Amino acid sequence: MKMKNQTTIHGFFKRKHASSSSQDPEETINLNNAPASSVSVTEDPSKKARIENNDIDLSTLERDPALRRQVYDYPINQQDTIRRAYMNLGPLQPTLSMFPKSGRETHKRSFQASWYKLYLWIEYSKTSDAAFCFPCFLFNKPCGLGYHGQQAFTIDGFRNWKKVGGKRRVFLTHMGTECTSFHNVAQKALDDLLNTTQDIRNMYEKFTTEEREKNRLRLRASIYCVRWCAFQAVAFRGHNEKPDSINRGNFLEMLEALGEFSTELKELFCRAPKYASYTSPVIQKEILNLISNRVRRMISEEIGGRRFCLLVDEARDESHKEQMSVVFRFVNKEGFIVDRFFGVVHVRDTTAQTLKDGIYSLLSNYNLDVKSIRGQGYDGASNMRGQFKGLQALILEDCKYAYYVHCLAHRLQLALMAACQGVVALRKFFSQLTFVINVVSASSKRTDQLRDAQADQIAYLLSIDELETGRGLNQIGTLQRAGDTRWSSHFRSVSSLIKMFSPTCEVLLKIAEEGTGPLKGDADSAYEAMTTFDFIFVLHLEKEIMEITDLLYERWDDLLRLVKSFCEVRNIDIPDLSSSYFSRGARARNEHSDHTLEHHYRVDIFYEAINCQLMELDHRFSDSAMEMFRLASTLDPKNAHETFRSLDVCQLVEKFYPEDFSDQEKTILNMQLQHYVIDVVQHGDYKQLTSISDLCQWLVRSRREVTFDLIYRLICLLLTLPVSTATTERSFSAMNIVKTRIRNKMDDEFLNDLFIEREVAEKIGLEEIVEDFKAAKDRRVPL
């Protein structure tokens, strides 16, 4: 029950709230997911079956106005909780790049995003292309006064756009001019439910300001401990949390540590009422959920109306559940490329349709438009990259300019490995390399011998001034193993052997002399293999080739650098390189053998390796993608010494991004490019830039993104394209740390909340979470 207040009709929509899905232990309502309603909108709602299940998960409430259940379908004792959950989420107001048109062919009309500012209560459903009223939905009734007049804005949806303007002004008619209209009554009830100070319990139970401050202090301490545990990825609870336990868990131990430095805080927790101590596991999860929801809302607001890229990958956690990691890549307002982790979603299976439904549901819950996707980054699995039924194909049906990019770093690795498997000499070399590493690194004793040999070599070279000294130099390491799916692992493996060639030979000779049985034979065979000219020649050959491709892995965040490096690989001058390889191989052979070199030149190995790798690269990278990259390279500041090709920029817009530029903007773009050459390309600072991402940031710093807004928009679209899916891979690495063998019963919602974008979460103050906690629902002790 609420007391009357004087809150303005639109007061609620001017406030910001974060959603919450957990409940206090003192309140017995526990909600679980309810299936979407299958009842036709034309059916009499008074005859609909009520929801009998008392468990409804608030975090999975349907946001789309055309698909969600009516509040009166829930049990009477849960309706206020459902209303508060929707109030915390706010009205669904997606901003689409283009709303669908309907009506007569001669004069089609569509929904307008500007109506959100004029009518703060309005909601829009993308599935039904209709407008709804948020307050009327919250307090709609199955029958009685006002039901039939408001059905268009609560159940059916309003889509007759020609009646919005002119004399009829349907939206104003819906609101009504009298305070007793159904809409105004619903708005007043919404404001009353939001105003906790007018709750009848607060009118009878008097709480002093000091009691409220003490209560908030306890809550702030609990929020701090929850946030600390989440940031450090440690377990919240202990095996035994009783007062006499030696270790009560990280959360309670942290609270106790805070109490040691504050006598007041320690006294507050000792004298706190059982229903307001804010230390129970349920409260911990609720606070964590509030933090994670606010982080996602902040990321959604950071994206705003910008175009973004979708990075998705799936993996199986410790409890054998399929989890889908979702990351958004976009250019922020400062011109920086950012990858924001958005959540881990549990999926029943990994079919493309299931993944698409999970992604669309996540986007809808946070007002992100599917039409704003301008890139898709997945791995090479068939359910992701399939041209007809894959995830990328399903999303392309709704957004045809969401270009799919198979992780280029992974693709390049697979291309190079496939090329190596196709050349007999290279395949033999990597087999021998693996054999040498296995023999030397098979036991800790041999690893120690390798380290000792390295230390002796470094000491000798330093004594004859062959090595430089300094911090971080001359480190003692081990031989690196190569893996087909680990980026740059082959380059690191080859480089480590070149660096430790002499110590490795010394260890193998020692094992061959002192070893017994098969061990002695393996060491002798490994030594013989790695001291042949063919092995040494290919060793240095692969280092030179992979050193070029390794740049792509290190600079995965710059798309145009990838194109530039790839072109360098394709344009290698083979005759010039051959002489340097042969001379280096001759020097290496002279150091390790007395045989002549004339019989060991392997010109065919060099040419076959280069040609095979280039053929694989051409096969893996499509002509369409390379054309797009070639046109985009015009904007790369590294090409400042070349003539700026304005026609390539216009062709890039016309062919790959026609929907992001109107016909009039394309004409203006041509004019901007003429001034861009004079004001930007010929600027002194421009020549100091090293990448297109640096150019984007420089345009923002110099405020030229306003003058050349269309060029800046194109640059942002290019930078949005994904090059690597490393962020999603890192999220699964973190998942293996959080959800371990002894914590494999963690529920999906808690796991999702634990994955917080820390850079964003650190900007949230404790008071903001306190206000969110207060607004989530009525509390027995006021805050």
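Placed above this text is the structure.
Keep in mind the model is a prediction, meaning the values are calculated, not measured.

Caption draft 1: Here's a closer look at the overall build of the chain. Check the secondary structure of the chain and you find 34 helices and 9 strands. Within the chain, counting contacts between residues at least 6 apart in sequence, those at least 24 apart form 72% of the total. If you sum the accessible surface of the chain, you get close to 38,300 Å²; carbon and sulfur atoms cover 51% of it.

Caption draft 2: Up close: helix 12 (residues 352-365). The first and last C-alpha atoms of helix 12 sit 20 Å apart over 14 residues, in line with the 20 Å expected at 1.5 Å per residue. Counted residue by residue, helix 12 has 10 buried out of 14 residues, so it is predominantly covered. Every buried residue of helix 12 is listed here: Ala352, Leu355, Lys356, Gly358, Ile359, Tyr360, Leu362, Leu363, Ser364 and Asn365. For helix 12, the elements touching its buried residues are strand 5 (308-316), strand 6 (322-331), strand 7 (337-346), strand 8 (373-378), helix 13 (382-385) and helix 14 (391-398). The first or second residue beyond helix 12 is Asn367, which carries a positive phi of 55°.

Caption draft 3: Representation of the pairing of strand 5. Burial analysis of strand 5 places 7 of its 9 residues in the buried class, the great majority of the element. Both strand 5 and strand 8 contribute to a ladder of 4 bridges, which runs parallel. Residue Leu311 lies in a different strand from strand 8, and its bridge partner there is Gly377. Summarising the sheet, strand 5 and strand 6 pair through 8 bridges and their orientation is antiparallel. The residue bridging Leu310 from the neighbouring strand is Phe328, located in strand 6. What sits between the antiparallel neighbours strand 5 and strand 6 is a turn of 5 residues, in which His320 has the positive phi angle 65°.

Caption draft 4: Fine view of the environment of Ala352. Turning to its location among the elements, Ala352 is positioned in helix 12. Given a relative accessible area of 7%, Ala352 falls into the buried group. In sequence terms Ala352 and Asn383 are 31 residues apart; their C-alpha atoms lie 5.5 Å from each other. With residues up to four places along the chain from it excluded, the contact list for Ala352 reads Asn383, Lys389, Gly390, Leu391 and Leu394.

Caption draft 5: Here's a closer look at the packing of helix 26 (residues 646-656) against helix 27 (residues 663-681). Running from N to C, helix 26 and helix 27 cross one another at 150°; their axes reach a closest spacing of 10 Å. With respect to their mutual orientation, helix 26 and helix 27 come out roughly antiparallel. Helix 26 and helix 27 meet at a crossing whose hand is right-handed. Across the interface between the two elements, Ser646, Val649, Cys650, Val653 and Glu654 of helix 26 pack against Lys666, Leu669, Asn670, Leu673 and Val677 of helix 27. Residue composition of the contact of helix 26 with helix 27, by class: 6 nonpolar, 2 polar and 2 charged.

Caption draft 6: Main features of the nonpolar core. By size, the foremost hydrophobic cluster in this structure holds 74 residues, and its most contacted members are Ile287, Leu310 and Phe328. When near neighbours in sequence (up to four residues on either side) are disregarded, Phe328 contacts Ile303, Phe308, Cys309, Leu310, Val338, Asp339, Arg340, Phe342, Leu363 and Leu368.

Reading guide: rules and limits
Residues numbered from 1 in each chain as written. Predicted model: local features only at pLDDT ≥ 70, side-chain atom pairs only at ≥ 80, totals over all residues. Heavy atoms only, no water. Helix = DSSP H or I, 4+ residues; strand = E, 2+ residues; numbered from the N terminus. Contact = heavy atoms within 4.5 Å. Areas by Shrake-Rupley, 256 points an atom, 1.4 Å probe, with all protein chains shown as cover. Expected span 1.5 Å × (residues − 1). Buried < 20%, exposed > 50% of the residue type's maximum accessible area, 1.4 Å probe, protein only. Pairing = 2+ DSSP bridges. Axes fitted to C-alpha atoms, helices over the stretch in contact; angles between N-to-C directions. Parallel < 35°, antiparallel > 145°, perpendicular 65-115°, else oblique. Left-handed = near helix turned anticlockwise from the far one by under 90°. Nonpolar A, V, L, I, M, F, W, Y, C, P; charged D, E, K, R; others polar. Core = buried A, V, L, I, M, F, W, Y, C linked by side-chain atoms within 4.5 Å.

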